[in-house]
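Next come the chains, spelled out residue by residue.
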Amino acid sequence: MKNKVAYFGVLLALALIFSYVETLIPINFGIPGVKLGLANLIIVVGLNKISTSELYLLDILRVLISGFIFANGFAIIYSLTGAIISLTVMVLLNRIKGFSLLGISAAGGVFHNIGQLIVAIFVVNTLSISYYFPILLISGLVTGIVIGIVTNEVNKRLKIPEM
Amino acid sequence: MKKKDIFLILIVLIIAGAFLLFNYMRPNLREGVVVVKIHGKVVKTYDLAKDGTYKIKDGENVIQIKDKKVKMIEATCPDKICVHHKAISKDGESIICLPHKLVVEIDSKKKSEFDFVV
């Protein structure tokens, strides 16, 4: 389709804006890695709109750019691992029949946190960090479901063409 | 929401619940040692029964042992997640400061070693 590059740019800009909005929400759960993941909304919305390779490009770019602008460079390793594992799971589930965007997004949220936990285990070089595992599972599930619900509403109201 | 969605959510909840129960069942012996690890290496151990405030790595992190509970009271890291963490006292519980690669852990099994020293 026409204007492919322009649409890609709009989606990337939206993801970055959501990353910024997220930094404005002062929620502290006292647990590392727990946040809403608003930028992930763009990825879930894009799941059926753009090709898989473009999804990966969009995901990696938004993590890198938002990481350099809004966070310290070190946090990028966590976000990138989480984002790639999460996207891979979502792409796979999207190909299996019987899952709605809500379930796909929930799985994405859970695996995003699992990816981050794996990096954290290597960084602090101890397994005791797995104490956070159940909390991260539940928080990923909840935020994933929220993102899934919002995605359904966005898709109803906003006509984003398939590319 | 479809059948498989609910199935997936239930599986995650069951796994999380099982781990939560496991963490909850940890014995709260309120004894043992406080182990401080940096990048997986033990750098210091303190007696959980002894109250005190200790600086780790020239004050990058400061822990406080009080009433057989450990709390991180100061840290120079940007996010301060470790400072907001609740005080720990159960065997295997930990406070983690990711930016400093630091883990404060409770080990209730190592109590006897201290008795020998005393």
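Residues numbered from 1 in each chain as written. Chains lettered and ligands numbered in written order. Predicted model: local features only at pLDDT ≥ 70, side-chain atom pairs only at ≥ 80, totals over all residues. Heavy atoms only, no water.

(A) Highlighting the environment of A:Val34. Residues and elements named next belong to chain A. Tracing the backbone shows Val34 in the loop between helix H1 (4-24) and helix H2 (40-46). Given a relative accessible area of 14%, Val34 falls into the buried group. Each C-alpha atom of the pair Val34 and Gly140 lies 7.7 Å from the other, and the pair is 106 residues apart in sequence. (Helix = DSSP H or I, 4+ residues; strand = E, 2+ residues; numbered from the N terminus. Buried < 20%, exposed > 50% of the residue type's maximum accessible area, 1.4 Å probe, protein only.)

(B) Molecular detail of the pattern of salt bridges. Here the structure, examined in full by the defined rule, presents seven salt bridges over all chains. Ionic pairing is found between B:Glu60 and B:Lys57, a salt bridge with its closest N-O pair at 3.7 Å. Measuring nitrogen to oxygen at the nearest pair gives 3.2 Å for the salt bridge that ties B:Lys86 to B:Glu93. A relative accessible area of 3% means that B:Glu93 is categorised as buried. In this structure, a network of salt bridges that share partners links the residues A:Glu153, A:Lys156 and A:Arg157. (Salt bridge = Lys/Arg side-chain N within 4 Å of Asp/Glu carboxyl O.)

(C) Broad picture of the sheet that holds strand E3 (residues 52-56) of chain B. All names here are of chain B. The strand order across the open sheet built from three strands is E3-E4-E5, with neighbouring strands paired in antiparallel fashion. Where the open sheet ends on each side, the last strands, each with one partner, are E3 and strand E5 (69-75). Here the strands of the sheet are splayed against their neighbours by 25 degrees on average, with no regard to which way each runs. In the sheet, E3 pairs with strand E4 (residues 61-66) via five bridges, with the strands oriented antiparallel. The residue bridging Gly52 from the neighbouring strand is Ile65, located in E4. (Pairing = 2+ DSSP bridges. Axes fitted to C-alpha atoms, helices over the stretch in contact; angles between N-to-C directions.)

Note that all results are geometric; they support no functional claim without further evidence.
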